[in-house]
Amino acid sequence: MLRLEDVVKRYPAPDGGELTVLEVPRWELGRSERVALVGPSGSGKSTLLHLLCGIVRPSSGSVQLLGERLDRMKESSLDRLRASQVGYVHQSFQLLPGFTALENVLAAAAFGSPLSKRRQRERAAELLADAGLADRLDHLPRQLSQGQQQRVAIARALVNEPSLLLADEPTASLDPETADRVMELLAGSAAASGAALLLCTHDMDLAARMERIVTMKEISARGSAAPMPPERPRAAIG
Ligand SMILES: Nc1ncnc2c1ncn2[C@@H]1O[C@H](COP(=O)(O)OP(=O)(O)OP(=O)(O)O)[C@@H](O)[C@H]1O
């Protein structure tokens, strides 16, 4: 479902040169696989997630999602593919502050869902209910707890039945109990819908709940050029 070949990502450096952040000879993620991605801070995890859904383009090499070359696609086609096939859960939720929980989920459906408006509304309400938020549909993000906001973000990521779920440290700002519920929802939903899940985390307990753990070292010949802190044994890589 996802394949990277000879991918290099460079960013402009402040001194006018370039910083090579990623060098990936070859890496694949299969359909329905649930994988944890771990690596020190600055090793390129977020950059990799952004490359995998076309938010960022590689400096060279090929990125294939569902047989489509993202690196060659024009912006509007990329937007459409991402809206319909990819659910992205951000560490900081990124909900629309003036929209209710239901409206936040519907906003994603409006762009990427083939369903009728009525079915979109039903599905959005069902997902929020599955996330334990049936009585919070009309609440604004600021009227929700952190864990509730993250559950809205997960419902939003799932509303278009994506083939690929990308989650960038989705539990980083949550207490352990809430993190546990959020993980259950994310991994359980991916398993139920057959979506592939790639989850970036510093928490090795959460990572261990995925089918497979991959490290940035295994994926990329090069992490950040910046010096990295030594890896710690548990619960906090980076
Ligand atoms: N837009 C950008 N311009 C220049 N350099 C960037 C840009 N985005 C990221 N970088 C650099 O790329 C490297 C990887 O960053 P990235 O955010 O992918 O790491 P990460 O592994 O997700 O880190 P963390 O675990 O701290 O979130 C860093 O050294 C960073 O300075």
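If you're wondering where the values come from, they're calculated on a predicted model, not measured in any experiment.

Definitions and limits used
Residues numbered from 1 in each chain as written. Predicted model: local features only at pLDDT ≥ 70, side-chain atom pairs only at ≥ 80, totals over all residues. Core = buried A, V, L, I, M, F, W, Y, C linked by C-beta atoms within 7 Å. Buried ≥ 20, exposed ≤ 12 C-beta atoms within 10 Å, placed from the backbone. Contact = placed C-beta atoms within 7 Å. Pairing = 2+ DSSP bridges. Helix = DSSP H or I, 4+ residues; strand = E, 2+ residues; numbered from the N terminus. Axes fitted to C-alpha atoms, helices over the stretch in contact; angles between N-to-C directions. Expected span 1.5 Å × (residues − 1). Arc of directions from axis to C-beta. Parallel < 35°, antiparallel > 145°, perpendicular 65-115°, else oblique. Left-handed = near helix turned anticlockwise from the far one by under 90°. Nonpolar A, V, L, I, M, F, W, Y, C, P; charged D, E, K, R; others polar.

Just checking my understanding: could you explain the nonpolar core for this structure?
By size, the foremost hydrophobic cluster in this structure holds 61 residues, and its most contacted members are V105, A124, L128, I154, A155, L166 and L186. Among all residues touching A155, those that are not within four sequence positions of it are V105, A124, L127, L128 and A131.

In this structure, what is going on with the sheet that holds strand β6 (residues 86-89)? I would like to understand it.
The strands that make up a sheet pair up through hydrogen bonds in the backbone, lying either parallel or antiparallel. Here we have 5 strands laid out as an open sheet, ordered β6-β7-β8-β3-β9, and parallel in their pairing. Each edge of the open sheet carries a strand with a single partner, namely β6 and β9 (212-215). In this sheet, neighbouring strand axes are inclined to one another by 20 degrees on average, regardless of whether the strands run parallel or antiparallel. Bridging between strand β7 (residues 164-168) and strand β8 (residues 196-200) involves 5 bridges; their strand directions are parallel. Its bridge partner lying in β8, L164 is registered against A196. The strands touched by helix α5 (residues 146-158) within the sheet are β6 and β7, with β6 carrying the most contacts at an inclination of about 170 degrees.

For this particular structure, what's the right way to read unusual backbone geometry?
What you tend to see is this: most non-glycine residues have negative phi, and most peptide bonds are trans. In the Ramachandran plot, F93 falls in the positive-phi region, its phi being about 65 degrees despite a non-glycine side chain. The topology assignment puts F93 in the loop between β6 and α3 (101-112). Phi at E169 takes a positive value of approximately 45 degrees, unusual for a residue other than glycine. The topology assignment puts E169 in the loop between β7 and α6 (176-193).

Just to check I follow, could you spell out the sheet that holds strand β2 (residues 18-29) for this structure?
Taken together, the 4 strands give an open sheet; going across it, the order is β2-β1-β4-β5, and neighbouring strands pair in antiparallel fashion. Because the sheet does not close on itself, it has two edges, and the strands there are β2 and β5 (68-69). Sheet topology note: the strand β1 (residues 2-12)/strand β4 (residues 60-65) ladder contains 5 bridges and is antiparallel. Looking across to β4, one finds that L2 is bridged to L65. Running over the sheet, helix α1 (residues 45-52) touches β1, β2 and β4 and is turned about 125 degrees from β1.

Just checking my understanding: could you explain helix α4 (residues 117-130) for this structure?
Residues separated by three or four positions in an α-helix point in the same direction, a consequence of the helix having 3.6 residues per turn. The terminal C-alpha atoms of α4, which comprises 14 residues, lie 20 Å apart, in line with the 20 Å expected from a rise of 1.5 Å per residue. Every buried residue of α4 is accounted for by R123, A124, L127 and L128. The buried residues of α4 occupy an angular sector of 130 degrees when projected down its axis, which confines them to one face. What points out from α4, more than 90 degrees from its buried face, is the exposed set R118, R119 and E122. Each element contacted by the buried residues of α4 is listed here: α3 and α5. A positive phi of about 80 degrees marks G132, the residue just after α4.

Would you explain the packing of α3 against α5 in this entry?
Helix-helix packing: each pair is described by the crossing angle between the helix axes and the interaxial distance. Axis separation between α3 and α5 bottoms out at 8 Å; the angle between their running directions is 25 degrees. One way to sum up the angle between α3 and α5 is to call them roughly parallel. Between α3 and α5 lies a crossing of right-handed hand. Listed contacts from α5 to A101, N104, V105 and A108 of α3 are V152, A155 and R156. In terms of residue class, the contact of α3 with α5 is made up of 5 nonpolar, 1 polar and 1 charged.

That's the geometry; what it means functionally is another story.
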